[in-house]
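Chain by chain, the residues run as shown.
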Amino acid sequence: MTLPDGFAALRVKDVVRETDDALSLVLDVPAEHAAAFSYRAGQFLTLRVSVDGQEYRRCYSMSSSPVLQQDLRVTVKRDGRGVVSNWLNDHAAPGDRLEVSPPDGRFVRPETDRELVAFAGGSGITPVFSLIQTALAGPAGRARLLYANRAAGSIIFENALADLAGRHGERFSVTHHLDHDRGVLTAAGITEFLAGVDIAGADFYICGPGPFMDTVEAALRAAGVPADRVHLERFSVAPVPTENTAVTEQVTIELDRQVVTVDYRPGHTLLQTARMAGLKAPSSCETGSCGTCIAQVTEGSARLLNNDVLDEDEIAEGLVVTCQALPTSRTIRCVYE
Ligand SMILES: Cc1cc2nc3c(=O)[nH]c(=O)nc-3n(C[C@H](O)[C@H](O)[C@H](O)COP(=O)(O)OP(=O)(O)OC[C@H]3O[C@@H](n4cnc5c(N)ncnc54)[C@H](O)[C@@H]3O)c2cc1C
Ligand code: FES
């Protein structure tokens, strides 16, 4: 059954406990939704759940591979006192129906012979595991993984990764880093891992906690990896600053042939401003990772708090991820395509 806003009610076929604080939800995609729910390795979907009468939307990356005969699967790790991740870990059961919107995201790979060099921290393994399985499914695919966790008990897919390494011999290797044994991963640890990697012949994918991603990205750049070979997927970003630093007075937004001009509320992103103006502006991850909310600034300017989607040329053309865009000019006009 298709629900309003493009969500579909999918049946939970199975729930697999991966670690004490992470589980996988295996979802049944009926034939009528097969096309909408086809996906590329590295993408995510959005779950809409109701907890204590309140609706929440959260993104979860597929940990399954689209090129293997696998059911669609997402893997959810408890996030501190977070609402949805804990609710799913405590309550999800086979037979449940979950409201799900179709896959999205740009943390994907083109067809390539280059080696996949991946860095995952904690739950960041989910899209990386999908990318690795997919790369190895091809006859010549090669991958290596540095996977950081606090302690041995929190390694998700430990056996599956060991199995892949066993089956694919020289085509895949996994290196585990445990904070409990060696402290948090440092630039020196990353440099050690990179020994033997053909930097010019590899693609680099990073997903994990923010500080982990920053450390890896900086070490890769220091090792001479060009920016366009480094792919990032952020599960969370710093909250939007609320202090009143803006000079902006009015925002004009065009969407679906509607044009609205509203007073700017300091601290609001362009996406929040569009919503406050009553527009149904598109969005998904709200971390600057997926590109769903892209619009063009045709007058005025904005700064991006986080952007893992747009390259320099696109930014120069005025494109912004509205979920992470704070206006910086007195007035601004923003057009959704
Ligand atoms: C593109 C994308 C893909 C993603 N893929 C995955 C995935 O594959 N697997 C996965 O597990 N996650 C994934 N995430 C993260 C996921 O979407 C959620 O953000 C995550 O599960 C946390 O949601 P939550 O409702 O549990 O936490 P929220 O309730 O949103 O809380 C967020 C944080 O605030 C803290 N917090 C909340 N309330 C309090 C309080 N009262 N006191 C102190 N601290 C508090 C929580 O501890 C938590 O750390 C992805 C995110 C994105 C953007
Ligand atoms: S909603 Fe994903 S980049 Fe803005």
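Procedures and definitions
- Residues numbered from 1 in each chain as written.
- Chains lettered and ligands numbered in written order.
- Predicted model: local features only at pLDDT ≥ 70, side-chain atom pairs only at ≥ 80, totals over all residues.
- Heavy atoms only, no water.
- Helix = DSSP H or I, 4+ residues; strand = E, 2+ residues; numbered from the N terminus.
- Rg over C-alpha atoms; globule rule 2.2 N^0.38 Å.
- Contact = heavy atoms within 4.5 Å.
- Areas by Shrake-Rupley, 256 points an atom, 1.4 Å probe, with all protein chains shown as cover.
- Buried < 20%, exposed > 50% of the residue type's maximum accessible area, 1.4 Å probe, protein only.
- Pairing = 2+ DSSP bridges.
- Axes fitted to C-alpha atoms, helices over the stretch in contact; angles between N-to-C directions.
- Salt bridge = Lys/Arg side-chain N within 4 Å of Asp/Glu carboxyl O.
- Near = heavy atom within 4 Å.
- Polar contact = N/O pair within 3.5 Å; in protein donor to acceptor, adjacent residues only side chain to side chain.
- Nonpolar A, V, L, I, M, F, W, Y, C, P; charged D, E, K, R; others polar.
- Domains from an automatic or database assignment.
- Arc of directions from axis to C-beta.
- Patch = residues over 30% accessible without salt bridge, like charges linked within 9 Å, V, L, I, M, F, W, Y side chains within 5 Å.
- Lys, Arg positive; Asp, Glu negative; His and termini not counted.
- Charge placed at Lys NZ, Arg CZ, Asp CG, Glu CD.
- Phe/Tyr/Trp six-rings, centres within 6.5 Å; stacked < 30°, edge-to-face > 60°.
- Lys NZ or Arg CZ within 6 Å of the ring centre and 35° of its normal.

Looking up the chain in an unreviewed UniProt entry gives the name Ferredoxin, with the organism given as Mycolicibacterium diernhoferi.

Participant: Quick question: what am I supposed to make of the overall build of the chain here?
Facilitator: The number of helices and strands found in the chain is 8 helices and 18 strands. Here the C-alpha atoms of the chain give a radius of gyration of 21 Å, agreeing with the 20 Å that 2.2 N^0.38 yields for 337 residues. C-alpha atoms of the chain, sized along the principal axes, occupy 60 × 50 × 35 Å. In the chain, the proportion of contacts linking residues at least 24 apart, taken out of those at least 6 apart, comes to 68%. Total accessible area computed for the chain in this model is approximately 16,100 Å², and 47% of it derives from carbon and sulfur atoms.

Participant: Sorry, what's going on with unusual backbone geometry here?
Facilitator: Trans peptide bonds make up the majority, and among non-glycine residues the majority have a negative phi. Unlike most non-glycine residues, phenylalanine 157 shows phi in positive territory, near 60 degrees. Following the sequence through the fold, phenylalanine 157 ends up in the loop between strand S8 (143-149) and helix H3 (158-168). The phi torsion at aspartate 256 lies on the positive side, around 50 degrees, for a residue other than glycine. Residue position: aspartate 256 is located in the loop between strand S12 (250-255) and strand S13 (258-263). Accessibility expressed as a relative area gives 64% for aspartate 256, which makes it exposed.

Participant: Sorry, what's going on with the sheet that holds strand S5 (residues 72-77) here?
Facilitator: Two pairing modes exist for strands in a sheet, parallel and antiparallel, and in both the strands are linked by backbone hydrogen bonds. The antiparallel open sheet is built from 6 strands, whose spatial order is S4-S3-S6-S1-S2-S5. This sheet does not close on itself; its edge strands, each paired only once, are strand S4 (54-61) and S5. Each strand of the sheet is rotated relative to its neighbour by a mean of 40 degrees, with strand direction disregarded. Looking at chain direction, strand S1 (residues 8-19) and strand S6 (residues 97-104) are connected through 4 bridges and run antiparallel. Bridge pairing in S6 places alanine 8 opposite valine 100.

Participant: Sorry, what's going on with the pattern of salt bridges here?
Facilitator: A pair can form between side chains of opposite charge whenever their charged atoms are brought close. A full pass over the atoms with the stated rule returns 16 salt bridges. Close ionic contact of aspartate 203 with arginine 109 constitutes a salt bridge, the shortest N to O distance being 3.1 Å. Of this pair, aspartate 203 sits in strand S10 (residues 202-207) while arginine 109 is found in the loop between S6 and strand S7 (115-121), placing the two residues 94 residues apart along the sequence. For the pair shown, aspartate 203 and arginine 109 are each scored as buried. Here the salt bridges do not stand alone but share partners, grouping Arg109, Arg114, Asp203 and Arg229 into one network.

Participant: I would appreciate a short explanation of the site of ligand 1 in the present structure.
Facilitator: Taken together, 22 residues are adjacent to ligand 1, and Arg58, Cys59, Asp79, Ser85 and Thr126 come closest. Contact between ligand 1 and arginine 81: an oxygen atom at 2.7 Å from a main-chain N or O atom of the residue. Protein contact buries 72% of the 960 Å² of open area that ligand 1 shows by itself. If you list the elements that add at least two residues to the shell around ligand 1, you get S4, S5 and helix H1 (83-91). Looking at the shell around ligand 1, its residues break down into 8 nonpolar, 8 polar and 6 charged. Two domains each donate at least three residues to the shell around ligand 1, and these are domain 1 (4-104) and domain 2 (115-233).

Participant: Is there a simple way to think about H3 in this case?
Facilitator: The periodicity of an α-helix, 3.6 residues per turn, causes residues three or four places apart in sequence to face the same way. Within H3 the residues assigned to the buried category are Leu161, Leu164 and His168. For H3, the angular spread of buried residues about the axis comes to 60 degrees, placing them on one side. The exposed set on the far side of H3, more than 90 degrees from its buried face, consists of Asn159, Gly166 and Arg167. In this fold, the buried residues of H3 make contact with helix H2 (125-137), S8 and strand S9 (172-178). Downstream of H3 by a residue or two, glycine 169 has a phi angle that is positive, lying close to 50 degrees.

Participant: Which parts of the structure should I look at to understand the environment of serine 130?
Facilitator: For serine 130, the position within the fold is in helix H2. For serine 130 and asparagine 307, which are 177 residues apart along the polypeptide, the C-alpha to C-alpha distance reads 23 Å. Those residues in contact with serine 130, other than ones at most four positions away along the chain, are Ala41, Gly42, Met62, Ser63, Ser64, Ser65 and Pro66.

Participant: Help me understand the pairing of S12 in this model?
Facilitator: Side chains on a regular strand alternate between the two faces of the sheet. Examined bridge by bridge, S12 and S13 share 6 bridges and lie antiparallel to one another. Its bridge partner lying in S13, glutamine 250 is registered against aspartate 263. With antiparallel pairing between neighbouring strands as the criterion, S12 and S13 make up a hairpin whose turn holds 2 residues, including aspartate 256 at a positive phi of roughly 50 degrees.

Participant: Mind showing me how you'd approach a negative patch on the surface here?
Facilitator: A surface patch of like charges, here negative, comprises Asp311, Glu312, Asp313 and Glu317. Assignment of secondary structure puts glutamate 312 in helix H8 (residues 312-316).

Participant: I would appreciate a short explanation of the packing of aromatic side chains in the present structure.
Facilitator: Each aromatic ring pair is specified by the distance between its two centres and by the angle formed by the two planes. By the definition in use, this model includes 3 aromatic pairs. On the numbers, 5.3 Å between centres and 70 degrees between planes, the contact of phenylalanine 119 with phenylalanine 193 is edge-to-face. Residue phenylalanine 119 is located in strand S7, and its partner phenylalanine 193 is located in helix H5 (residues 187-194); the two are separated by 74 residues in the primary sequence. According to the relative accessible area criterion, phenylalanine 193 is buried, its value standing at 10%. One residue, arginine 48, lies across the ring of phenylalanine 7, its end atom 4.0 Å from the ring centre.

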